[in-house]
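Breakdown of the fold
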Amino acid sequence: MAKRSAPEVNAGSMADIAFLLLIFFLVTTTIEIDSGLNRKLPPIEETEPPIIKERNIFQLTVNRNNDLLLKANGNDGELIKLKDLRKKAVAFLDNGGGKGEDACAKCKGKKNPQSSDNFEKAIISLQNDRATSYETYIAVQNEIIAAYNELRNREFELAYPSLNMSYVEADKMYSDPKTSAADKASLKDKIEAIKLLIPQKFSEAEPKKSN
Amino acid sequence: MSKFKKKKGGDLPAISTASLPDIVFMLLFFFMVATVMRQNTLKIENTLPAADQVEKLAKRNLLMYIYAGKPSSSYKDMGTVARLQLNDKFADVSEIAAFIAAERDSKREEEIPYLTTVLSVDKETNMGLVSDIKQELRKVNALKINYKTRKGDALRDLK
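Description of the structure in this document. Predicted, not measured: the structure shown is a model, and the values here were computed from it. (Residues numbered from 1 in each chain as written. Chains lettered and ligands numbered in written order. Predicted model: local features only at pLDDT ≥ 70, side-chain atom pairs only at ≥ 80, totals over all residues.)

Before going further, it helps to spend a moment on the sheet that holds strand 3 (residues 68-71) of chain A. Residues and elements named next belong to chain A. A sheet is described by the order of its strands in space; here five strands give the open sequence 4-3-2-5-6, paired in mixed fashion. On the outer flanks of this sheet lie strand 4 (78-80) and strand 6 (202-204), each paired with one strand and no other. Across this sheet, the average inter-strand angle for adjacent strands is 25°, counted without regard to direction. The sheet contact formed by strand 5 (residues 123-128) and strand 6 spans three bridges and is parallel. Note that in strand 6 the partner of S125 across the bridge is S203. Contacts between helix 3 (residues 134-159) and the sheet are confined to strand 2 (57-62), strand 5 and strand 6, with strand 2 contributing the most and set at about 160° to the helix. (Pairing = 2+ DSSP bridges. Helix = DSSP H or I, 4+ residues; strand = E, 2+ residues; numbered from the N terminus. Axes fitted to C-alpha atoms, helices over the stretch in contact; angles between N-to-C directions. Contact = placed C-beta atoms within 7 Å.)

This brings us to the interface of chain A and chain B. Counting residues at the interface gives 45 residues for chain A and 50 residues for chain B. Only helix 1 (14-28), strand 1 (35-40), helix 2 (82-93) and helix 3 of chain A provide two or more residues apiece to the side of chain A that touches chain B. Here the element with the most residues in the side of chain A that touches chain B is helix 3 of chain A; it accounts for 11 residues. Split into classes, the residues belonging to the side of chain A that touches chain B amount to 22 nonpolar, 14 polar and nine charged. (Nonpolar A, V, L, I, M, F, W, Y, C, P; charged D, E, K, R; others polar.)

Turning our attention to the packing of helix 2 of chain A against helix 3 of chain A. Residues and elements named next belong to chain A. The geometry of helix 2 relative to helix 3 is characterised by a closest axis approach of 9 Å and an angle of 40° between their N-to-C directions. Relative to helix 3, the element helix 2 is oriented oblique. As for the relative orientation of helix 2 and helix 3, their crossing is right-handed in sense. On helix 3, the residues that touch L82, L85, R86, A89, V90 and L93 of helix 2 are A139, V140, E143, I144, A146, A147, E150 and L151. Looking at the contact of helix 2 with helix 3 residue by residue, the class counts come to 11 nonpolar, no polar and three charged. (Parallel < 35°, antiparallel > 145°, perpendicular 65-115°, else oblique. Left-handed = near helix turned anticlockwise from the far one by under 90°.)

All names here are of chain A. With respect to the element layout, D102 can be found in the loop between helix 2 and strand 5. C-alpha of D102 to C-alpha of Q114: the two residues are 12 residues apart in sequence and 14 Å apart in space. Not counting residues up to four positions away in its chain, the partners in contact with D102 are D117, N118 and K121.

Let us look at the sheet that holds strand 6 (residues 116-121) of chain B. The sheet built from seven strands is open, its strands ordered 2(B)-1(A)-7(B)-6(B)-3(B)-4(B)-5(B) with mixed pairing. Each end of this open sheet is capped by a strand with a single partner; those strands are strand 2 (55-56) and strand 5 (89-91) of chain B. On top of the sheet, helix 3 (residues 127-139) of chain B reaches strand 3 (63-69), strand 6 and strand 7 (144-148) of chain B; it is set at about 170° to strand 6 of chain B, its chief contact.

On to the pairing of strand 6 of chain B, then. Residues and elements named next belong to chain B. Among the six residues that make up strand 6, five are buried, leaving the element largely enclosed by the rest of the structure. The pairing of strand 3 with strand 6 spans six bridges and is classified as parallel. The residue bridging L63 from the neighbouring strand is T116, located in strand 6. Judged from the three bridges that link them, strand 6 and strand 7 form a sheet pairing that is parallel. Within strand 7, the residue paired with T117 across the bridge is I145. (Buried ≥ 20, exposed ≤ 12 C-beta atoms within 10 Å, placed from the backbone.)

What follows is the structure, encoded as C-alpha coordinates:
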(Lines give C-alpha, C1' and ligand atoms only; values in the text may rest on other atoms or scores of the structure.)
Protein backbone atom coordinates (compact mmCIF):
# COMPACT_ATOMS: atom_id res chain seq x y z
CA MET A 1 0.00 0.00 0.00
CA ALA A 2 1.47 3.24 -1.02
CA LYS A 3 1.37 5.88 1.61
CA ARG A 4 -0.76 8.81 0.50
CA SER A 5 -0.23 12.13 2.10
CA ALA A 6 -3.48 13.94 2.89
CA PRO A 7 -4.11 16.69 0.37
CA GLU A 8 -3.85 20.16 1.78
CA VAL A 9 -7.14 21.91 2.35
CA ASN A 10 -7.36 25.16 0.52
CA ALA A 11 -7.88 27.85 3.12
CA GLY A 12 -8.23 30.64 0.61
CA SER A 13 -11.95 31.02 1.17
CA MET A 14 -11.66 31.13 4.93
CA ALA A 15 -11.42 34.92 4.80
CA ASP A 16 -14.64 35.08 2.78
CA ILE A 17 -16.52 33.00 5.28
CA ALA A 18 -15.16 35.02 8.17
CA PHE A 19 -16.13 38.24 6.37
CA LEU A 20 -19.63 36.97 5.90
CA LEU A 21 -20.02 36.25 9.60
CA LEU A 22 -18.35 39.53 10.47
CA ILE A 23 -20.79 41.50 8.37
CA PHE A 24 -23.71 39.66 9.93
CA PHE A 25 -22.60 40.59 13.43
CA LEU A 26 -21.74 44.13 12.39
CA VAL A 27 -25.26 44.63 11.13
CA THR A 28 -27.04 43.04 14.08
CA THR A 29 -24.99 44.80 16.74
CA THR A 30 -26.81 47.51 18.57
CA ILE A 31 -24.79 49.25 21.19
CA GLU A 32 -27.32 48.90 23.95
CA ILE A 33 -27.69 51.83 26.31
CA ASP A 34 -27.53 50.52 29.84
CA SER A 35 -27.72 53.62 31.96
CA GLY A 36 -30.47 55.66 33.48
CA LEU A 37 -31.81 57.50 36.48
CA ASN A 38 -32.82 55.15 39.27
CA ARG A 39 -35.87 56.24 41.24
CA LYS A 40 -38.28 54.69 43.66
CA LEU A 41 -42.00 55.15 43.49
CA PRO A 42 -43.95 55.72 46.69
CA PRO A 43 -46.20 52.82 47.67
CA ILE A 44 -49.93 53.46 47.63
CA GLU A 45 -50.93 54.10 51.19
CA GLU A 46 -54.12 55.42 52.58
CA THR A 47 -52.47 57.29 55.40
CA GLU A 48 -52.80 60.95 56.14
CA PRO A 49 -49.81 62.86 54.82
CA PRO A 50 -47.71 64.25 57.66
CA ILE A 51 -47.85 67.94 58.31
CA ILE A 52 -44.72 69.62 57.08
CA LYS A 53 -43.63 73.16 57.74
CA GLU A 54 -43.75 75.23 54.62
CA ARG A 55 -40.18 76.41 54.99
CA ASN A 56 -39.00 72.83 54.62
CA ILE A 57 -40.58 72.32 51.21
CA PHE A 58 -38.91 73.19 47.96
CA GLN A 59 -41.97 73.28 45.81
CA LEU A 60 -41.37 72.95 42.12
CA THR A 61 -44.11 73.08 39.53
CA VAL A 62 -43.59 72.47 35.84
CA ASN A 63 -46.39 73.66 33.61
CA ARG A 64 -47.48 72.60 30.15
CA ASN A 65 -45.10 75.05 28.50
CA ASN A 66 -42.21 73.52 30.43
CA ASP A 67 -41.75 76.60 32.62
CA LEU A 68 -40.55 76.10 36.17
CA LEU A 69 -42.19 77.77 39.13
CA LEU A 70 -40.36 77.58 42.41
CA LYS A 71 -41.98 78.22 45.73
CA ALA A 72 -39.46 78.09 48.52
CA ASN A 73 -37.65 80.22 51.07
CA GLY A 74 -40.83 82.00 51.97
CA ASN A 75 -41.58 83.60 48.62
CA ASP A 76 -44.81 83.29 46.68
CA GLY A 77 -43.28 81.63 43.71
CA GLU A 78 -40.84 82.76 41.08
CA LEU A 79 -40.16 81.59 37.56
CA ILE A 80 -36.71 80.07 37.39
CA LYS A 81 -34.51 78.79 34.62
CA LEU A 82 -33.60 75.13 34.45
CA LYS A 83 -29.91 75.94 34.64
CA ASP A 84 -30.35 77.70 38.00
CA LEU A 85 -32.27 74.81 39.50
CA ARG A 86 -29.27 72.84 40.74
CA LYS A 87 -27.76 75.84 42.51
CA LYS A 88 -31.06 76.73 44.15
CA ALA A 89 -31.72 73.16 45.25
CA VAL A 90 -28.26 72.89 46.80
CA ALA A 91 -28.73 76.21 48.59
CA PHE A 92 -32.09 75.05 49.90
CA LEU A 93 -30.89 71.65 51.13
CA ASP A 94 -27.72 73.08 52.62
CA ASN A 95 -29.42 75.99 54.35
CA GLY A 96 -29.50 74.60 57.89
CA GLY A 97 -31.78 77.20 59.43
CA GLY A 98 -32.92 74.90 62.23
CA LYS A 99 -32.45 75.79 65.87
CA GLY A 100 -32.23 73.66 68.99
CA GLU A 101 -32.68 70.00 68.23
CA ASP A 102 -33.24 70.72 64.55
CA ALA A 103 -29.90 72.44 64.20
CA CYS A 104 -27.78 71.17 61.37
CA ALA A 105 -24.11 70.78 62.26
CA LYS A 106 -22.87 69.93 58.78
CA CYS A 107 -24.87 72.44 56.75
CA LYS A 108 -22.84 75.23 55.25
CA GLY A 109 -25.68 77.37 53.96
CA LYS A 110 -26.93 80.81 54.86
CA LYS A 111 -28.96 79.68 57.88
CA ASN A 112 -31.97 81.53 56.54
CA PRO A 113 -34.82 81.00 59.05
CA GLN A 114 -37.29 81.08 56.11
CA SER A 115 -35.65 78.07 54.49
CA SER A 116 -35.02 74.43 55.36
CA ASP A 117 -34.01 73.29 58.86
CA ASN A 118 -31.60 70.48 58.04
CA PHE A 119 -30.89 67.73 55.51
CA GLU A 120 -33.33 65.40 57.18
CA LYS A 121 -36.23 67.84 57.11
CA ALA A 122 -35.74 69.34 53.66
CA ILE A 123 -38.16 67.99 51.09
CA ILE A 124 -38.16 68.61 47.39
CA SER A 125 -41.56 68.36 45.86
CA LEU A 126 -42.21 68.21 42.14
CA GLN A 127 -45.50 68.59 40.43
CA ASN A 128 -45.91 68.44 36.72
CA ASP A 129 -48.68 68.95 34.25
CA ARG A 130 -49.95 66.16 32.04
CA ALA A 131 -48.70 68.07 29.02
CA THR A 132 -45.18 68.63 30.34
CA SER A 133 -42.64 67.09 28.02
CA TYR A 134 -40.77 64.04 29.21
CA GLU A 135 -37.46 65.59 28.24
CA THR A 136 -38.00 68.53 30.60
CA TYR A 137 -39.12 66.20 33.34
CA ILE A 138 -35.94 64.14 33.02
CA ALA A 139 -33.85 67.30 33.03
CA VAL A 140 -35.52 68.44 36.26
CA GLN A 141 -35.06 65.00 37.85
CA ASN A 142 -31.45 65.06 36.73
CA GLU A 143 -30.81 68.44 38.33
CA ILE A 144 -32.38 67.37 41.60
CA ILE A 145 -30.31 64.19 41.72
CA ALA A 146 -27.29 66.29 40.86
CA ALA A 147 -27.99 68.61 43.79
CA TYR A 148 -28.17 65.67 46.20
CA ASN A 149 -25.06 64.13 44.70
CA GLU A 150 -23.17 67.41 45.05
CA LEU A 151 -23.88 67.53 48.78
CA ARG A 152 -23.25 63.83 49.25
CA ASN A 153 -19.92 64.17 47.47
CA ARG A 154 -18.94 67.00 49.76
CA GLU A 155 -19.88 65.16 52.93
CA PHE A 156 -18.31 61.93 51.75
CA GLU A 157 -15.00 63.63 51.03
CA LEU A 158 -15.11 65.38 54.39
CA ALA A 159 -15.93 62.22 56.29
CA TYR A 160 -13.51 59.88 54.53
CA PRO A 161 -10.65 61.99 53.15
CA SER A 162 -8.32 58.98 53.10
CA LEU A 163 -10.38 57.24 50.41
CA ASN A 164 -9.70 60.06 47.99
CA MET A 165 -12.89 59.54 46.04
CA SER A 166 -16.31 61.13 45.81
CA TYR A 167 -19.63 59.63 46.82
CA VAL A 168 -20.63 59.01 43.21
CA GLU A 169 -17.35 57.25 42.50
CA ALA A 170 -17.70 55.17 45.65
CA ASP A 171 -21.22 54.20 44.70
CA LYS A 172 -20.08 53.24 41.23
CA MET A 173 -17.27 51.16 42.69
CA TYR A 174 -19.70 49.51 45.06
CA SER A 175 -22.00 48.36 42.27
CA ASP A 176 -19.11 47.25 40.08
CA PRO A 177 -18.96 43.43 40.04
CA LYS A 178 -15.16 43.57 39.75
CA THR A 179 -14.80 45.08 43.21
CA SER A 180 -13.74 42.54 45.82
CA ALA A 181 -16.10 41.54 48.61
CA ALA A 182 -13.92 43.07 51.31
CA ASP A 183 -13.85 46.45 49.56
CA LYS A 184 -17.60 46.26 49.05
CA ALA A 185 -18.27 45.64 52.71
CA SER A 186 -16.18 48.59 53.82
CA LEU A 187 -17.71 50.85 51.18
CA LYS A 188 -21.24 49.82 52.02
CA ASP A 189 -21.15 51.21 55.55
CA LYS A 190 -19.72 54.50 54.38
CA ILE A 191 -22.26 54.87 51.59
CA GLU A 192 -25.11 54.00 53.93
CA ALA A 193 -23.87 56.55 56.47
CA ILE A 194 -23.88 59.32 53.88
CA LYS A 195 -27.28 58.24 52.59
CA LEU A 196 -28.58 58.47 56.12
CA LEU A 197 -27.04 61.88 56.64
CA ILE A 198 -28.47 63.31 53.43
CA PRO A 199 -31.59 61.33 52.59
CA GLN A 200 -33.25 61.94 49.25
CA LYS A 201 -36.61 63.23 50.32
CA PHE A 202 -38.36 63.71 47.09
CA SER A 203 -42.09 63.83 46.69
CA GLU A 204 -44.01 63.72 43.48
CA ALA A 205 -47.59 64.74 43.41
CA GLU A 206 -49.85 63.30 40.78
CA PRO A 207 -50.07 65.61 37.82
CA LYS A 208 -52.75 68.18 37.42
CA LYS A 209 -55.32 67.75 34.73
CA SER A 210 -54.79 70.20 31.95
CA ASN A 211 -57.67 71.38 29.86
CA MET B 1 19.63 46.91 -27.82
CA SER B 2 18.94 45.56 -24.44
CA LYS B 3 20.49 48.41 -22.61
CA PHE B 4 17.17 49.87 -21.58
CA LYS B 5 15.56 46.63 -20.67
CA LYS B 6 13.63 46.87 -17.51
CA LYS B 7 15.39 45.70 -14.44
CA LYS B 8 14.29 42.32 -13.38
CA GLY B 9 12.22 42.22 -10.22
CA GLY B 10 11.55 45.91 -10.22
CA ASP B 11 7.81 45.51 -9.63
CA LEU B 12 6.58 45.20 -6.09
CA PRO B 13 6.13 41.72 -4.71
CA ALA B 14 2.53 40.84 -3.98
CA ILE B 15 1.46 41.54 -0.42
CA SER B 16 0.80 38.36 1.41
CA THR B 17 -2.83 38.04 2.40
CA ALA B 18 -2.25 34.97 4.49
CA SER B 19 -2.90 36.86 7.73
CA LEU B 20 -6.10 38.44 6.46
CA PRO B 21 -8.32 35.67 7.87
CA ASP B 22 -6.67 36.15 11.24
CA ILE B 23 -7.45 39.84 11.28
CA VAL B 24 -11.00 39.25 10.14
CA PHE B 25 -11.48 36.57 12.76
CA MET B 26 -10.25 38.93 15.41
CA LEU B 27 -12.85 41.50 14.41
CA LEU B 28 -15.45 38.78 14.15
CA PHE B 29 -14.84 37.61 17.69
CA PHE B 30 -15.00 41.16 18.97
CA PHE B 31 -18.41 41.70 17.45
CA MET B 32 -19.67 38.30 18.46
CA VAL B 33 -18.81 39.02 22.06
CA ALA B 34 -20.04 42.60 22.03
CA THR B 35 -23.34 41.85 20.32
CA VAL B 36 -26.44 41.93 22.45
CA MET B 37 -29.41 40.65 20.55
CA ARG B 38 -32.32 43.00 20.81
CA GLN B 39 -35.09 41.55 22.90
CA ASN B 40 -37.91 43.44 21.33
CA THR B 41 -38.51 44.94 17.96
CA LEU B 42 -39.48 48.50 18.57
CA LYS B 43 -42.62 49.66 16.88
CA ILE B 44 -42.32 53.15 18.28
CA GLU B 45 -39.88 55.99 18.01
CA ASN B 46 -37.53 55.84 20.93
CA THR B 47 -35.11 58.74 21.14
CA LEU B 48 -34.03 58.87 24.74
CA PRO B 49 -33.49 62.11 26.64
CA ALA B 50 -30.03 62.90 27.99
CA ALA B 51 -28.94 63.09 31.60
CA ASP B 52 -25.58 63.21 33.34
CA GLN B 53 -26.33 61.78 36.78
CA VAL B 54 -26.85 58.32 35.38
CA GLU B 55 -26.27 55.03 37.10
CA LYS B 56 -25.62 51.70 35.48
CA LEU B 57 -28.56 49.39 35.15
CA ALA B 58 -28.73 46.28 37.25
CA LYS B 59 -28.31 42.79 35.84
CA ARG B 60 -29.93 42.32 32.49
CA ASN B 61 -32.19 39.47 33.50
CA LEU B 62 -33.65 41.52 36.32
CA LEU B 63 -35.05 44.22 34.09
CA MET B 64 -38.54 44.66 32.74
CA TYR B 65 -38.80 47.00 29.82
CA ILE B 66 -41.71 49.31 29.14
CA TYR B 67 -41.43 51.33 25.97
CA ALA B 68 -43.43 54.39 25.06
CA GLY B 69 -43.41 56.83 22.20
CA LYS B 70 -45.07 57.77 18.96
CA PRO B 71 -45.69 54.86 16.58
CA SER B 72 -42.84 54.74 14.08
CA SER B 73 -43.32 55.47 10.40
CA SER B 74 -44.23 51.91 9.44
CA TYR B 75 -47.07 51.89 11.94
CA LYS B 76 -48.74 55.13 10.89
CA ASP B 77 -52.15 53.52 11.08
CA MET B 78 -51.82 53.46 14.84
CA GLY B 79 -52.11 57.23 14.92
CA THR B 80 -49.62 59.86 16.00
CA VAL B 81 -50.38 59.89 19.71
CA ALA B 82 -47.70 58.41 21.94
CA ARG B 83 -48.40 54.79 22.77
CA LEU B 84 -47.13 52.06 24.98
CA GLN B 85 -45.28 48.96 23.86
CA LEU B 86 -44.96 45.85 25.96
CA ASN B 87 -42.91 42.98 24.55
CA ASP B 88 -43.62 43.12 20.82
CA LYS B 89 -47.07 44.60 20.85
CA PHE B 90 -48.76 47.93 21.27
CA ALA B 91 -50.54 47.88 24.57
CA ASP B 92 -52.86 49.83 26.75
CA VAL B 93 -51.90 51.23 30.15
CA SER B 94 -54.29 48.77 31.80
CA GLU B 95 -52.25 45.83 30.47
CA ILE B 96 -49.21 46.78 32.57
CA ALA B 97 -50.45 44.88 35.61
CA ALA B 98 -50.71 41.64 33.61
CA PHE B 99 -47.32 42.26 32.03
CA ILE B 100 -45.61 42.74 35.39
CA ALA B 101 -47.32 39.63 36.77
CA ALA B 102 -46.14 37.58 33.79
CA GLU B 103 -42.58 38.89 34.15
CA ARG B 104 -42.57 38.08 37.83
CA ASP B 105 -43.79 34.56 37.14
CA SER B 106 -40.93 33.93 34.76
CA LYS B 107 -38.31 34.82 37.38
CA ARG B 108 -37.13 32.88 40.37
CA GLU B 109 -38.81 33.84 43.59
CA GLU B 110 -35.72 35.24 45.29
CA GLU B 111 -35.11 37.54 42.34
CA ILE B 112 -38.49 39.23 42.46
CA PRO B 113 -37.61 41.97 44.99
CA TYR B 114 -34.69 43.04 42.78
CA LEU B 115 -36.69 43.46 39.61
CA THR B 116 -36.45 46.92 38.15
CA THR B 117 -38.84 48.38 35.63
CA VAL B 118 -37.01 50.29 32.95
CA LEU B 119 -39.02 53.10 31.36
CA SER B 120 -37.67 53.63 27.91
CA VAL B 121 -39.67 56.63 26.84
CA ASP B 122 -39.27 58.84 23.82
CA LYS B 123 -38.29 62.36 24.78
CA GLU B 124 -41.20 63.98 22.99
CA THR B 125 -43.79 62.11 25.00
CA ASN B 126 -46.03 64.01 27.35
CA MET B 127 -45.84 63.36 31.06
CA GLY B 128 -49.49 62.31 31.15
CA LEU B 129 -48.71 58.88 29.71
CA VAL B 130 -45.64 58.47 31.92
CA SER B 131 -47.68 59.36 35.01
CA ASP B 132 -50.32 56.82 34.05
CA ILE B 133 -47.62 54.16 33.72
CA LYS B 134 -46.16 55.10 37.09
CA GLN B 135 -49.59 54.97 38.69
CA GLU B 136 -50.16 51.48 37.25
CA LEU B 137 -46.77 50.35 38.55
CA ARG B 138 -47.58 51.64 42.01
CA LYS B 139 -50.79 49.62 41.98
CA VAL B 140 -48.91 46.37 41.36
CA ASN B 141 -46.18 47.36 43.80
CA ALA B 142 -43.37 47.49 41.23
CA LEU B 143 -41.70 50.45 42.84
CA LYS B 144 -38.13 50.23 41.59
CA ILE B 145 -38.00 52.12 38.35
CA ASN B 146 -35.34 53.47 36.10
CA TYR B 147 -35.73 56.20 33.52
CA LYS B 148 -33.49 55.04 30.74
CA THR B 149 -31.43 57.93 29.39
CA ARG B 150 -28.48 58.65 27.19
CA LYS B 151 -25.37 59.99 28.82
CA GLY B 152 -25.10 63.64 27.98
CA ASP B 153 -25.88 67.15 29.04
CA ALA B 154 -29.52 67.26 30.09
CA LEU B 155 -29.87 70.99 29.58
CA ARG B 156 -28.34 71.37 26.15
CA ASP B 157 -31.45 70.86 24.05
CA LEU B 158 -33.66 72.80 26.42
CA LYS B 159 -33.85 76.47 26.97
